[in-house]
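# Reading the structure
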Amino acid sequence: MSARYLGQRLLQAIVTIAAIVLLNFLLFRLMPGSPERILLRNPNLSQQVVEATRARWGLDKPLIPDQLVSYIGSTLEGDLGYSFKFRGQPVTSVIADRVGPTLLLVGLGELISVFVGIAIGAYAGWRRGGVVDRVGSGVSLVLYSMPYFVIGMPLIVIFAAGLGWFPTSGMTSVGGGDRPFPDNIIDLARHLALPLATVSLGLIGQYSILMRSAIIETRSEDYITTARAKGLRDGRVLRAHAFPNAMLPMVTLIAINLGYVIGGAITAEIVFSWPGLGTLTVTALQSRDYPVLQGIFLLVAVSVVLANLAADIIYGLLDPRVRR
Amino acid sequence: MTAEIRGRRQWPLPKQADPAAPLLRVNNLQTHFQLGRGWVKAVDGVSFGLDDGEALGLVGESGCGKTTTALSLVRLLPSNGRIRGGSVELFGIDLVPKTDRQLDRYRWREISIVFQGAMNALNPVVQVRRQIAEPVQYRLNQSESASLKRADELLDMVGIPSRRLGAYPHELSGGMRQRAMIAMALACDPAIVIGDEPTTALDAMVQAQILVLLEQLRRDLGLSLILITHDLSVVAETCDRVLVMYAGRVAEEGPVSRVFTEPRHPYTRKLLGAFPNIRSDRRTLETIPGEPPDLVNPPAGCRFAPRCAQAMPVCAGTLPPEVSFDDGVRVACHLFGTTA
Ligand SMILES: Nc1ncnc2c1ncn2[C@@H]1O[C@H](COP(=O)(O)OP(=O)(O)OP(=O)(O)O)[C@@H](O)[C@H]1O
Ligand code: SF4
Ligand SMILES: [Mg+2]
């Protein structure tokens, strides 16, 4: 990978992030309801109070450049304003509280499903029409097409409500997080099990289907016939020739998906009342908590851009053809 | 010839080999492809032999089954392809009934292939020298460093400069890639190298260089060569024998010197007439009217009958038997009946 390629990608990422910040600024100023009214939440305010508030928050200044400049300045300082709903709390700390649970659930789910999904998909595609393919592809397609709550609800009904093996919702029992080690971890793991299974199953479906078609496409390439002609064992042909080439399109897909990890798996989080960014998004939407929504939007957008950058870099390392 | 060439082998013959048996004998090979509407009889009763150090040219129109014949030898067919009859005897060992696992012993170590258009035949994400070293390491069980050393020697032998050793396929020109393919084909010191249109898609200058290289390697290493090509002048220059195929069957086979000077089969005559360089006069260039037959339902008799100017009543209904002549030529045509 050349320095030029790397430089280009970096520049592209920086420009995209700048555009996102600008869009974020404009978009939320076009939303219905003037900011100060939402701030004060009282339709019967005296004009005086409104004026004072406008002056205090700098809303009497022109949108561009004054408001934009101060927005960019505070964004760079990590100040995303204050939540409407969680009064007084800075947006950054509201969001920060939810990042951990989401990363735990969706991040771990991604990790598991990348490995499992790719392994299943690669094997199914390589032995197309075999048992693994016929069973695996059918199941994968069903899982892939189901929204998380359709996967999650039966799990709750069977394993939580029915068998009582796992709790139905939340991340900890009451006081569970304060118990001594390892009880607190066990408590967390029991809460994590079903939502993690839900997220993983959905993603395994997606990854295995895509990996299967990538392998099938690669399988008919001439260099696979060459590898066979060399008398290499079937496993070596798959590992050394088909797999690395089939992984090229997968890398991009995985990296982009990873960017969205931070946004949480909204329906899965809701079904299990998981205190992550997904549930926060829904709460913020319901209460028109614009600063928080703006913060989440910024976080997700920047993560996606960074994930794309990572994808380009990894792709550049794996595929010699882009090194020039 | 045979003893001298076999004496040059670096690796012992396969265990079941009969040292007295000829190198390769293909008998009545039938390779068909399964399609929804039936079997495509791409190769349907082809027989030929190849002796130590010999070069055999395989010619015929596009779709007549040249590639399928070559791929059948070590069974590298597409998934819908099957050998439904005949035998492929290498050193007297029939390869047809072998399992894939058993065939691996013969692939590349005895029969290697230089495919057409080496751009796609080489793995784009693996260094060329590693692809050449791979069969040495995994088939001859050499260490990785010894395999890479061998790869570098081979690259040197085919004329790739040492500063290009770390190159990936896309970093080499078409001619270089084809040289690398040839180096790869030689990696395990095989008895037979198959070239499936190894110079197609290269410009004339590079084509000539590659052919000179192949010819020189064949002489130096005592290789036997099966050369598939559309270029009859290449066959005339490099091959000892030529096999003319039509619609999955042998039309004519024999020494190049005989077949090209005195073609007997009407199809061979047309083919030579359609080729400018052999009979030098470009203005009388002939074309062969009509299309090759549908190989799912080929004609019952001679497959060339619908296009043959000399066709007789017997041709449409009866398959012409192969007739051998004293000069080593074999022809399948009713014009040369057993009694004729
Ligand atoms: N996988 C397949 N399924 C069905 N038919 C096939 C398949 N592969 C090849 N064929 C058919 O078999 C016949 C022989 O094909 P083959 O590739 O051996 O011809 P060829 O002589 O090598 O042609 P060319 O000069 O174009 O390379 C053709 O009619 C082709 O359409
Ligand atoms: S057998 Fe008959 S149809 Fe076929 S090539 Fe000979 S003369 Fe022509
Ligand atoms: Mg061909």
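Residues numbered from 1 in each chain as written. Chains lettered and ligands numbered in written order. Predicted model: local features only at pLDDT ≥ 70, side-chain atom pairs only at ≥ 80, totals over all residues. Heavy atoms only, no water.

### Here's the deal with the interface of chain B and chain A
The interface is formed by 22 residues belonging to chain B together with 22 residues belonging to chain A. Among the residues chain B hides against chain A, the three largest losses belong to V125, E134 and H170 of chain B. Together they make up 25% of the total. Among the ionic pairs, R233 of chain A bridges to D104 of chain B, the shortest N-O distance being 4.0 Å. On the surface where chain B and chain A come into contact, there are 11 residue pairs in polar contact (both at pLDDT 80 or more). Counting only elements with at least two residues in the side of chain B that touches chain A, the list comes to α4 (118-121) and α5 (128-139) of chain B. Looking at the side of chain B that touches chain A residue by residue, the class counts come to 12 nonpolar, four polar and six charged. (Contact = heavy atoms within 4.5 Å. Buried area = accessible area lost by both parts, 1.4 Å probe. Salt bridge = Lys/Arg side-chain N within 4 Å of Asp/Glu carboxyl O. Polar contact = N/O pair within 3.5 Å; in protein donor to acceptor, adjacent residues only side chain to side chain. Helix = DSSP H or I, 4+ residues; strand = E, 2+ residues; numbered from the N terminus. Nonpolar A, V, L, I, M, F, W, Y, C, P; charged D, E, K, R; others polar.)

### Quick word on the domain arrangement of chain A
Residues and elements named next belong to chain A. The domain architecture assigned to chain A consists of domain 1 (3-76) and domain 2 (91-323). Taking only C-alpha atoms into account, the centre of domain 1 sits 33 Å from that of domain 2. Contacts between the two partners involve 21 residues from domain 1, matched on the other side by 16 residues from domain 2. A combined buried area of about 1,600 Å² lies between domain 1 and domain 2, and 74% of that area is made up of carbon and sulfur atoms. If you sort the residues of domain 1 by the area they bury against domain 2, Y5, I20 and F28 come out on top, with a joint share of 34%. Joining domain 1 to domain 2, the criterion identifies one salt bridge. Put simply, D312 and R9 hold a salt bridge, and the shortest N to O gap is 3.5 Å. Remark: the boundary between domain 1 and domain 2 carries two residue pairs in polar contact (both at pLDDT 80 or more). (Domains from an automatic or database assignment.)

### Quick look at a nonpolar patch on the surface
On the surface, L108, L111, I112, F115, V116, I120, Y123 and V132 of chain A cluster together into a nonpolar patch covering about 660 Å² of accessible area. Residue contributions to the nonpolar patch peak at seven residues, all from helix α5 (residues 91-126) of chain A. (Patch = residues over 30% accessible without salt bridge, like charges linked within 9 Å, V, L, I, M, F, W, Y side chains within 5 Å. Areas by Shrake-Rupley, 256 points an atom, 1.4 Å probe, with all protein chains shown as cover.)

### Quick word on the site of ligand 1
All names here are of chain B. For ligand 1, the set of nearby residues contains 16 residues, the closest of which are S62, G63, K66, T67 and T68. At a separation of 2.7 Å, an oxygen atom of ligand 1 approaches a polar side-chain atom of T67. In this structure, an oxygen atom belonging to ligand 1 sits 2.9 Å away from a side-chain N or O atom of H230. When ligand 1 sits alone it has 640 Å² of accessible area, and the protein chains cover 70% of it. For the shell around ligand 1, the secondary structure elements donating two or more residues are β1 (24-35), β2 (38-50) and α2 (66-73). Broken down by element, the residue count for the shell around ligand 1 peaks at three residues, all from α2. Classifying every residue of the shell around ligand 1 by side-chain character gives seven nonpolar, seven polar and two charged. (Near = heavy atom within 4 Å.)

### A short note on the pairing of β2 of chain B
Residues and elements named next belong to chain B. Taken across its 13 residues, β2 has 11 buried, putting it largely inside the fold. Two elements, β1 and β2, share nine bridges in a ladder whose sense is antiparallel. The residue of β2 that forms the bridge with F33 is V40. (Buried < 20%, exposed > 50% of the residue type's maximum accessible area, 1.4 Å probe, protein only. Pairing = 2+ DSSP bridges.)

### Points about the site of ligand 2
Within the structure, ligand 2 sits among H265, P266, C302, F304, A305, C308, Q310, A311, C315, C333, H334 and L335 of chain B. More than half of the atoms belonging to ligand 2 lie within 2 Å of the grid points that define the second largest cavity. (1 Å grid on protein atoms, 1.4 Å probe; cavity = no way out; pocket = protein on both sides within 12 Å on 5 of 7 lines; lining within 4 Å. Sits in = over half its atoms within 2 Å of the grid points.)

### What to know about the packing of helix α10 (residues 234-261) of chain A against helix α13 (residues 290-318) of chain A
All names here are of chain A. Contact geometry for α10 and α13: axes closest at 7 Å, N-to-C directions at 160°. One way to sum up the angle between α10 and α13 is to call them roughly antiparallel. Read as a crossing pair, α10 and α13 show a hand that is right-handed. Contacts from L248, V251, T252, A255, I256, G259 and Y260 in α10 reach V300, S303, V304, A307, N308, A311, I314, Y315 and L318 in α13. Residue classes in the contact of α10 with α13 are distributed as 12 nonpolar, four polar and no charged. (Axes fitted to C-alpha atoms, helices over the stretch in contact; angles between N-to-C directions. Parallel < 35°, antiparallel > 145°, perpendicular 65-115°, else oblique. Left-handed = near helix turned anticlockwise from the far one by under 90°.)

### Considerations on helix α1 (residues 3-29) of chain A
With 27 residues, α1 of chain A should reach 39 Å at 1.5 Å per residue; the first-to-last C-alpha distance of 39 Å fits that figure. Residues Y5, A13, I20, V21, N24, F25 and F28 of chain A constitute the buried set of α1 of chain A. (Expected span 1.5 Å × (residues − 1).)

### Some details on the side chain of T218 of chain A
Residues and elements named next belong to chain A. The residue T218 is located in helix α8 (residues 183-219) in this model. For T218, a relative accessible area of 6% corresponds to the buried category. In this structure T218 touches Y223, I224, H241, A242, N245 and A246, once residues within four positions along its chain are discounted.

### Quick word on the confidence of the model for chain B
In low-pLDDT segments, the atomic positions of the prediction should not be examined closely. When the pLDDT values of chain B are averaged, the result is 89; 94% of them are 70 or greater. Both scores are given for the predicted complex: the pTM is 0.85, the ipTM 0.89. (pLDDT = per-residue confidence, 0-100.)

### A look at empty space enclosed by the protein
Residues and elements named next belong to chain B. Inspection of the entire model under this criterion finds three cavities of 30 Å³ or more. Computed from the structure, the largest cavity encloses a volume of approximately 110 Å³. Residue lining of the largest cavity: Y246, R249, V250, A251, H265, G301, C302, R303, F304, L319, P320 and A332, and that is the complete set. Classifying every residue of the lining of the largest cavity by side-chain character gives eight nonpolar, two polar and two charged. When its volume is computed, the second largest cavity comes out at roughly 80 Å³. Contributing to the lining of the second largest cavity are 14 residues, with P266, C302, C308, C315 and C333 lying nearest its centre. Counted by class, the lining of the second largest cavity contains 11 nonpolar, three polar and no charged residues. (Points joined across faces, edges and corners; volume = space filled by probe spheres on them.)

### Remarks on the packing of aromatic side chains
A ring pair, where both rings are aromatic, is described by two values, the distance of the centres and the angle of the planes. Taken as a whole, this structure holds six aromatic pairs over all chains when the rule is applied. Taking the centre distance of 5.3 Å and the plane angle of 45° together, the rings of F25 of chain A and Y71 of chain A count as tilted. Of the two residues, F25 of chain A sits in helix α1 while Y71 of chain A sits in helix α4 (residues 63-76), which places them 46 residues apart along the sequence. According to the relative accessible area criterion, Y71 of chain A is buried, its value standing at 11%. When the centroid spacing of 4.9 Å and the interplanar angle of 75° are considered together, the rings of Y246 of chain B and F304 of chain B count as edge-to-face. Taken together, the residues Y246 of chain B in strand β9 (residues 241-246) and F304 of chain B in the loop between α11 (266-273) and α12 (313-317) connect sequence positions 58 residues apart. The burial state of Y246 of chain B is the same as that of F304 of chain B; both residues are buried. Between the NZ or CZ atom of R105 of chain B and the centre of the ring of Y106 of chain B, over which it lies, the distance is 5.7 Å. (Phe/Tyr/Trp six-rings, centres within 6.5 Å; stacked < 30°, edge-to-face > 60°. Lys NZ or Arg CZ within 6 Å of the ring centre and 35° of its normal.)

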